[in-house]
Amino acid sequence: MIWSAFAIALAIPFLAAAASPLLAWRQPVYIMAGFAGIVAMALLLVQPLLIGGYLPGLSLRGSKRIHIWLGTALILTVLMHLVGLWVTSPPDVVDALLFRSPTPFSAWGVFAMWTLLGAALVVALKERFHLRTRAWKSTHKALVTLTVAGSVVHAVLIEGTMEPVSKFFLCGFALIATTKVVFDLRSSGKRNRHKK
């Protein structure tokens, strides 16, 4: 039942976006960029469910392994989103990256992209710089939380491919899942420290 609800929560935004009348006037590369953004938003829902061990039938170790792979996929989809928008309108992307775009959603999208890359960088460099587990996990959690928050604001402000109701639900689920896993991990960390 959990898997069914999970599949529905992910499928509906894609189906609703595919039926959008706005796609009729868009270039294929723009449509690809838009759907890459939807995939990225969906992955922001999947990632906390994996790291929190909330999906039945998956071991915690297996969930963490998938979480790492999907983290890489998330970065690639964000880059596809960015490159697709660059192909359709380079000046707009430059303005967005330099935080001088007149559209607020652009700044939130770029903010979320940088915090996502920061979260990935912390994980990639943890062994090289011998970061303590607690330090890199806390930093990663903080950056991921900012990524989800920024992505949600970015998505909500855009009137584009995504259908509004399904977009709000997907964004809401991603926020709830992220908040839950952050508090659950914090609670389990406190319990482990008390046991020591």
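Now for a description of the structure that goes with this document. (Residues numbered from 1 in each chain as written. Predicted model: local features only at pLDDT ≥ 70, side-chain atom pairs only at ≥ 80, totals over all residues. Heavy atoms only, no water.)

### Quick look at helix α6 (residues 133-157)
Turning to step 1, where the next piece is worked out: Here α6 contains 25 residues, and its C-alpha end-to-end distance of 36 Å stays within 8% of the 36 Å for a straight helix at 1.5 Å per residue.
Turning to step 2, where the next piece is worked out: Along α6, the positions that sit buried rather than exposed are Trp136, His140, Leu143, Thr147, Val148, Gly150, Ser151, Val152, His154 and Ala155. (Helix = DSSP H or I, 4+ residues; strand = E, 2+ residues; numbered from the N terminus. Expected span 1.5 Å × (residues − 1). Buried < 20%, exposed > 50% of the residue type's maximum accessible area, 1.4 Å probe, protein only.)

### Looking at the packing of aromatic side chains
Turning to step 1, where the next piece is worked out: Counting across every chain of the model gives three aromatic pairs.
Turning to step 2, where the next piece is worked out: With centroids separated by 6.0 Å and ring planes inclined at 40°, the aromatic side chains of Phe169 and Phe173 adopt a geometry described as tilted. Linking Phe169 with Phe173, this pair stays in helix α7 (residues 164-195), spanning four residues, or about one helical turn.
Turning to step 3, where the next piece is worked out: Here Phe173 falls in the partly exposed class, since its relative accessible area comes to 37%.
Turning to step 4, where the next piece is worked out: Across the ring face of Phe183, the terminal group of Arg186 is positioned such that the distance to the ring centre comes to 5.5 Å. (Phe/Tyr/Trp six-rings, centres within 6.5 Å; stacked < 30°, edge-to-face > 60°. Lys NZ or Arg CZ within 6 Å of the ring centre and 35° of its normal.)

### Quick look at the pattern of salt bridges
Turning to step 1, where the next piece is worked out: The full count for this structure, using the stated rule, is two salt bridges.
Turning to step 2, where the next piece is worked out: A salt bridge links Arg100 to Asp95; its shortest N-O distance comes to 2.7 Å.
Turning to step 3, where the next piece is worked out: Judged by its relative accessible area of 52%, Arg100 is exposed.
Turning to step 4, where the next piece is worked out: You can call Asp95 partly exposed: its relative accessible area is 22%.
Turning to step 5, where the next piece is worked out: For Lys180, the salt bridge identified is with Asp184, shortest N-O distance 3.0 Å. Of this pair, Lys180 and Asp184 both sit in helix α7, four residues apart, roughly one helical turn. (Salt bridge = Lys/Arg side-chain N within 4 Å of Asp/Glu carboxyl O.)

### A short note on the packing of helix α3 (residues 60-88) against helix α4 (residues 90-97)
Turning to step 1, where the next piece is worked out: It is at 5 Å that the axes of α3 and α4 come closest, and there the two elements cross at 130°. Relative to α4, the element α3 is oriented oblique. Mapping the contact onto sequence places Leu82, Leu85, Trp86, Val87 and Thr88 in α3 and Pro90, Val93, Val94 and Leu97 in α4.
Turning to step 2, where the next piece is worked out: Taken together, the residues of the contact of α3 with α4 break down into eight nonpolar, one polar and no charged. (Axes fitted to C-alpha atoms, helices over the stretch in contact; angles between N-to-C directions. Parallel < 35°, antiparallel > 145°, perpendicular 65-115°, else oblique. Contact = heavy atoms within 4.5 Å. Nonpolar A, V, L, I, M, F, W, Y, C, P; charged D, E, K, R; others polar.)

### Some details on unusual backbone geometry
Turning to step 1, where the next piece is worked out: The phi dihedral of Phe99 is positive, around 55°, even though this residue is not glycine.
Turning to step 2, where the next piece is worked out: Here Phe99 lies in the loop between α4 and α5 (104-125).
Turning to step 3, where the next piece is worked out: In this structure, His130 is a non-glycine residue whose phi angle is positive, near 50°.
Turning to step 4, where the next piece is worked out: Here His130 lies in the loop between α5 and α6.
Turning to step 5, where the next piece is worked out: Residue His130 is classed as exposed on the basis of its relative accessible area, which comes to 69%.

### Examining α3
Turning to step 1, where the next piece is worked out: Along its 29 residues, α3 runs 41 Å from first to last C-alpha, staying within 8% of the 42 Å computed at 1.5 Å per residue.
Turning to step 2, where the next piece is worked out: Residues of α3 that are buried include every one of Gly62, Ser63, His67, Gly71, Leu74, Ile75, Thr77, Val78 and Gly84, and no others.
Turning to step 3, where the next piece is worked out: Where α3 is buried, its residues contact α2 (28-51), α5 and α6.

### A look at the nonpolar core
Turning to step 1, where the next piece is worked out: If you look at the biggest cluster of nonpolar residues, it comprises 29 residues, and the most contacted ones within it are Leu10, Met41, Leu45 and Leu74.
Turning to step 2, where the next piece is worked out: Of all the elements in the fold, those that place two or more residues in this core are α1 (2-18), α2, α3, α5, α6 and α7.
Turning to step 3, where the next piece is worked out: If you tally residues by element for this core, the top one is α2, at 11 residues.
Turning to step 4, where the next piece is worked out: Excluding residues that lie within four positions of it along the chain, Leu10 makes contacts with Ala42, Leu45, Val46 and Leu170. (Core = buried A, V, L, I, M, F, W, Y, C linked by side-chain atoms within 4.5 Å.)

### Focus on a nonpolar patch on the surface
Turning to step 1, where the next piece is worked out: Together, Leu97, Leu98, Phe99, Trp108, Phe111, Trp114, Leu117, Leu146 and Leu157 make up an exposed nonpolar region whose accessible area comes to about 810 Å².
Turning to step 2, where the next piece is worked out: Of all elements in the fold, only α5 and α6 reach the threshold of two or more residues within the nonpolar patch.
Turning to step 3, where the next piece is worked out: A total of four residues in the nonpolar patch trace back to one element, the largest contributor, which is α5. (Patch = residues over 30% accessible without salt bridge, like charges linked within 9 Å, V, L, I, M, F, W, Y side chains within 5 Å. Areas by Shrake-Rupley, 256 points an atom, 1.4 Å probe, with all protein chains shown as cover.)

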